[in-house]
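Topology and contacts: notes
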Amino acid sequence: MAKYTKSQILEIAEEEDVEFIRLQFTDMSGTMKNMAITAGQLEHALDNKCTFDGSAFEGFAGVEESDMYLHPDPDTFAILPWRPQQGKVARMICDVYDQNGKKYAGSSRTILQNVLEQAAAQGIEAQAAPECEFFLFHTDEDGMPTVTTHDKAGYLDLGPLDLGENARRDMVLTLEELGIGVKSSFHEVASGQHELDFLPTSALCSADQIMTFKFAVRMIAKRHGLHATFMPKPKTGVHGSGMHLHFSLEKDGRDLFRDDSDPMGLSKEAYSFIGGIMEHIRGITAISNPLVNSYKRLVPGFSAPVYVAWSGRNRSSLIRIPDSHDGLTRIELRSPDPSANPYLVLAVCLAAGLDGIRRKVLPPEPVTENIFEMSDREKADRGISMLPSDLGEAVSALEQDSFLRNVLGETFASQYIEARKQEWAEYIPQVSSWEIERYLHRI
């Protein structure tokens, strides 16, 4: 059942003295965009009559069909807590429609909705719960971000050692005001690194929440004189930032991943879901780790997954099964990072897992040992392969995965692949400071 009706939103806006409304949507790369309207135009917006130029955005329409329509999702209506209390500002997340009144196939939110509709047709409801990491850095005298922090805290440290504690508390309170359930928050391993873990919710709501989380965290960090970055690996020699995703499935009110008669407590569907993701993980990586910088995180020695393997609770594996004492059985994918477009990464992961269930794919045997301590021969004998080592390799894998291209839609997939290829092509000829320091003086 809908959370808000059109008349309720108009009434709330008037009672709360809302003067501006941000109509938000997400582009192909996962960047939030928005159009601001006044309260006088709110009814016009709720009638789905607001347009924008789609040709201005990567992955959207060409100039010959550039008029796109924003259809606000009433359930995402929220008043932004950090804006003035007189003349308040609200937001709604929008679906993008084309000139023919159809959901635009090139919208990442639409791509996720298509996957969820296919699941719903089978009576399956998907939930997700992200764990999002980020860094808080100082800004320079011009307000530009740096990679400097005075914070020397480590994992689970507290104030006064944790210098980001106050900012993080404000972030949590702000998110809860926006209706987002935060399970926990804490300082992560690296100096200046933080994590917020979210309560499970429907997959579409979860993607919306991740986008709202990024938006809110940046705004609150700025109020504290800091810059929040979701760059996967902003500094050499420290842990990078991940965005672990926990998946759960329900069917007819039943935990689809649970079977108490199984030694690991997992159902056949759970094993097949794992098998489906593992089968497509190389192509998925181009979505879940979309930047050149993403692959600076996916290296041994910094707790990020490198090898394609799964286990019960082994944190050296790509996929693990956390304890489910607090709710539904969860399957955790540990490779995604927070630069990923959440709509796309949830779409391809769920589609791959559900396809695994449909085809009854079985994963390899679980790996209980620390994979980082296994020899190359041991890994080869166990059939343990590696994730793509760079963006170019990942994009090639996506290009060769016809199933994932079909999930994205061939037009969108082609545009996405071309954009990532272009980024890789621009990076390849660049000369890094590491190369200058290592070679210039002696060669």
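Just so we're clear, the structure is a prediction, and the values are computed from it rather than from any experiment.

What counts, and at which threshold
- Residues numbered from 1 in each chain as written.
- Predicted model: local features only at pLDDT ≥ 70, side-chain atom pairs only at ≥ 80, totals over all residues.
- Heavy atoms only, no water.
- Helix = DSSP H or I, 4+ residues; strand = E, 2+ residues; numbered from the N terminus.
- Rg over C-alpha atoms; globule rule 2.2 N^0.38 Å.
- Buried < 20%, exposed > 50% of the residue type's maximum accessible area, 1.4 Å probe, protein only.
- Contact = heavy atoms within 4.5 Å.
- Areas by Shrake-Rupley, 256 points an atom, 1.4 Å probe, with all protein chains shown as cover.
- Lys, Arg positive; Asp, Glu negative; His and termini not counted.
- Charge placed at Lys NZ, Arg CZ, Asp CG, Glu CD.
- Salt bridge = Lys/Arg side-chain N within 4 Å of Asp/Glu carboxyl O.
- Polar contact = N/O pair within 3.5 Å; in protein donor to acceptor, adjacent residues only side chain to side chain.
- Core = buried A, V, L, I, M, F, W, Y, C linked by side-chain atoms within 4.5 Å.
- Patch = residues over 30% accessible without salt bridge, like charges linked within 9 Å, V, L, I, M, F, W, Y side chains within 5 Å.
- Pairing = 2+ DSSP bridges.
- Phe/Tyr/Trp six-rings, centres within 6.5 Å; stacked < 30°, edge-to-face > 60°.
- Lys NZ or Arg CZ within 6 Å of the ring centre and 35° of its normal.
- Axes fitted to C-alpha atoms, helices over the stretch in contact; angles between N-to-C directions.
- Parallel < 35°, antiparallel > 145°, perpendicular 65-115°, else oblique.
- Left-handed = near helix turned anticlockwise from the far one by under 90°.
- Nonpolar A, V, L, I, M, F, W, Y, C, P; charged D, E, K, R; others polar.
- Expected span 1.5 Å × (residues − 1).
- Bend = angle between axes of the 7 residues up to and from the residue.

1. Structural notes on the overall build of the chain
- Helix and strand content of the chain: 13 helices and 18 strands.
- Radius of gyration (C-alpha) of the chain: 22 Å, near the 22 Å computed for a compact globule of 443 residues.
- Considered along the principal axes of its C-alpha atoms, the chain spans approximately 70 × 55 × 50 Å.
- Looking at the chain as a whole, 53% of its 443 residues qualify as buried.
- Nonlocal contacts in the chain, meaning residues at least 24 apart in sequence, comprise 69% of its contacts between residues at least 6 apart.
- With an accessible surface of roughly 20300 Å², the chain has 49% of that area assigned to carbon and sulfur atoms.
- Mean positive and mean negative side-chain charge positions of the chain (44 and 65 charges, respectively) differ by 3 Å.

2. Re the side chain of E133
- Looking at the secondary structure, you find E133 in strand β7 (residues 124-138).
- Put simply, E133 is tucked away with no salt bridge, and the nearest opposite charge, on R297, sits 5.5 Å away.
- One polar contact links the side chain of E133 to the main-chain amide nitrogen of G242, over a distance of 2.8 Å.
- Beyond its immediate sequence surroundings of up to four residues, E133 is in contact with E188, Q193, H194, E195, F230, G240, S241, G242 and P338.

3. Some words on the nonpolar core
- L112, F213, L249, F273, I319, L350 and L408 are the most contacted members of the largest nonpolar core, which has 94 residues in total.
- When residues of this core are assigned to their parent elements, the largest contribution, twelve residues, is made by helix α8 (residues 342-359).
- Beyond its immediate sequence surroundings of up to four residues, L249 is in contact with I124, E125, A126, R254, D255, L256, F257, F273, L350, L354 and I357.
- Among the nonpolar cores identified, the runner-up in size contains 22 residues, and C50, F52, M68 and C94 belong to it.

4. Here's the deal with a nonpolar patch on the surface
- A grouping of Y155, L156 and V189 is seen on the molecular surface, where their side chains present a nonpolar patch of about 290 Å² in accessible area.
- Tracing the sequence through the fold places V189 in the loop between β8 (182-187) and β9 (193-198).

5. Re the pairing of strand β4 (residues 67-72)
- One ladder, built from four bridges, connects strand β3 (residues 50-53) with β4; its direction is antiparallel. Opposite D53, over in β4, you have D67 as the bridge partner.
- Bridge count for β4 against strand β6 (residues 88-97) is four bridges, and the pairing is antiparallel. Paired with P72 across the bridge in β6 is C94.

6. Considering the packing of aromatic side chains
- In total, this model carries 18 aromatic pairs according to the counting rule given.
- Both rings, one in F134 and one in F230, keep their centres 5.9 Å apart while their planes meet at 55°; by these two values the pair is tilted. Residue F134 is found in strand β7, and its partner F230 is found in the loop between β11 (226-229) and β12 (243-251); the two are separated by 96 residues along the sequence.
- Given a relative accessible area of 0%, F134 falls into the buried group.
- Assessed through its relative accessible area of 5%, F230 is described here as buried.
- When the ring of W424 is compared with that of Y427, the centres are 5.6 Å apart and the planes differ by 35°; the resulting orientation is tilted. Linking W424 with Y427, this pair stays in helix α12 (residues 410-427), spanning three residues, or about one helical turn.
- Judged by relative accessible area, W424 falls into the partly exposed class, the value being 21%.
- In this structure Y427 comes out as partly exposed when scored by relative accessible area, which is 33%.
- An aromatic cluster of three or more residues is present, and its members are F134, F198, F213 and F230.
- Across the ring face of F230, the terminal group of K214 is positioned such that the distance to the ring centre comes to 5.9 Å.

7. Observations regarding unusual backbone geometry
- Following G159, the chain continues into P160 via a peptide bond in cis, with omega recorded as 5°.
- The backbone of D17 sits at a positive phi, close to 60°, despite the residue not being glycine.
- For D17, a relative accessible area of 36% puts it in the partly exposed group.
- For D252, which is not glycine, the phi dihedral falls at a positive 55°.
- Looking at D252, the relative accessible area reads 74%, which means it is exposed.

8. So, helix α10 (residues 391-400)
- Residues L391, G392, A394, V395, A397 and L398 constitute the buried set of α10.
- In the core, the buried residues of α10 are packed alongside α6 (268-288), α7 (294-297), α11 (402-408) and α12.
- Residue D390 occupies the N-cap position of α10, its side-chain oxygen lying 3.1 Å from the main-chain nitrogen of G392.

9. What to know about the packing of helix α4 (residues 165-177) against helix α5 (residues 203-223)
- The contact between α4 and α5 brings their axes to 9 Å, and the two run at 135°. Judged on the interaxial angle alone, α5 and α4 are oblique. By crossing handedness, the relation of α4 to α5 is classed as right-handed. Where α4 abuts α5, its residues A167, D170, M171, T174 and L175 lie against T212, F213, A216, V217, I220 and A221.
- Each residue belonging to the contact of α4 with α5 can be placed in one class, and the counts come to eight nonpolar, two polar and one charged.

10. Focus on the pairing of β8
- Strand direction decides the pairing type here: β8 and β9, joined by five bridges, are antiparallel. Note that in β9 the partner of S185 across the bridge is L196.
- The hairpin formed by β8 and β9 contains five residues between the paired strands, and G192 there has a positive phi angle of roughly 80°.

11. Concerning α6
- Here α6 spans only 26 Å end to end across 21 residues, well under the 30 Å set by a 1.5 Å rise per residue.
- Residue I281 marks the point of greatest curvature in α6, where the axis turns by about 75°.
- Taken across its 21 residues, α6 has 17 buried, putting it largely inside the fold.

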